[in-house]
Amino acid sequence: MEFKEEHPGGHPDTAAGSKCCIIVTPLTRGRMATVCENVVTITTPGDCVDILVTDYGIAVNPLRQDLVECLDNAGIKHVSIEELKNKAYSLVGTPADLKWEDKVVAIVEARDGTILDVVRKIKPYTLD
């Protein structure tokens, strides 16, 4: 079996080691939702992300109630990640599920050797 090992760089390490990881991104890129139900490849586990800031709102990881309280006390409005996902889908539509082949084309590995994700080949799109 041939595959490529991918090391996503320092972001996952920085996120995991930080006291507060804040990601800033547009809610959509072109016609694709940045916040979605199913991601294609994991490079930074979601439990390492504390706050997501988008052009349509701020979401706080529910595991970080201390940050929810800080934002509330400061009068900073925030929404759930589900609300951001729904807003993204309302703007660009709900993405169709991808179909995958069994062939592994890449393994995403953290610096410590932990496997973050396995990437499989996408099946060619057909108009069935």
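Data block above holds the structure.
Residues numbered from 1 in each chain as written. Predicted model: local features only at pLDDT ≥ 70, side-chain atom pairs only at ≥ 80, totals over all residues. Heavy atoms only, no water.

### Considerations on the overall build of the protein chain
Step number 1: What the protein chain contains, in helices and strands, is three helices and eight strands.
Step number 2: Taken over 128 residues, the protein chain has a buried fraction of 28%.
Step number 3: For the protein chain, restricting intrachain contacts to residue pairs at least 6 apart in sequence, the fraction spanning at least 24 positions comes to 57%.
Step number 4: Roughly 9,100 Å² of accessible area belongs to the protein chain as shown, and the carbon and sulfur atoms make up 55% of that amount. (Helix = DSSP H or I, 4+ residues; strand = E, 2+ residues; numbered from the N terminus. Buried < 20%, exposed > 50% of the residue type's maximum accessible area, 1.4 Å probe, protein only. Contact = heavy atoms within 4.5 Å. Areas by Shrake-Rupley, 256 points an atom, 1.4 Å probe, with all protein chains shown as cover.)

### Side note on helix α3 (residues 81-92)
Step number 1: For α3, with 12 residues, the first-to-last C-alpha span of 17 Å sits near the 16 Å given by 1.5 Å per residue.
Step number 2: By the burial criterion, the buried members of α3 are Leu84, Lys85, Ala88 and Tyr89. Viewed end-on, α3 has its buried residues packed into an arc of 135°, placing them on one side of the element.
Step number 3: For α3, the elements touching its buried residues are β3 (28-29), β4 (32-33), β5 (51-54) and β6 (57-60).
Step number 4: Note on α3: the residue one or two positions beyond its end, Gly93, has a positive phi of about 90°. (Expected span 1.5 Å × (residues − 1). Arc of directions from axis to C-beta.)

### Things to note about the sheet that holds strand β2 (residues 22-24)
Step number 1: Here three strands make up an open sheet; going across it, the order is β2-β5-β6 and the pairing mixed. Each edge of the sheet is formed by a strand with only one pairing partner; in this case those strands are β2 and β6. Averaged over all pairs of adjacent strands, the angle between their axes in this sheet comes to 15°, without regard to strand direction.
Step number 2: The pairing of β5 with β6 spans four bridges and is antiparallel. Each bridged residue has a counterpart across the sheet, and for Ile51 the counterpart in β6 is Val60. (Pairing = 2+ DSSP bridges. Axes fitted to C-alpha atoms, helices over the stretch in contact; angles between N-to-C directions.)

### What to know about the pairing of strand β8 (residues 115-122)
Step number 1: As defined by bridge partners, strand β7 (residues 100-109) adjoins β8 across six bridges and the pair is classed as antiparallel. Bridge pairing links Ile107 to Val118 in β8.
Step number 2: Connecting β7 to the antiparallel partner β8 that follows it, the hairpin turn spans five residues, and Gly113 within it adopts a positive phi of roughly 90°.

### Brief notes about the nonpolar core
Step number 1: Membership of the largest hydrophobic core is limited to nine residues, which are Leu27, Ala33, Val35, Leu52, Ala59, Val79, Leu84, Ala88 and Tyr89.
Step number 2: The element that contributes the greatest number of residues to this core is α3, accounting for three residues.
Step number 3: Residues contacting Tyr89, with those up to four places away along its chain left out, are Ala33, Val35, Cys36, Glu37, Thr94 and Pro95. (Core = buried A, V, L, I, M, F, W, Y, C linked by side-chain atoms within 4.5 Å.)

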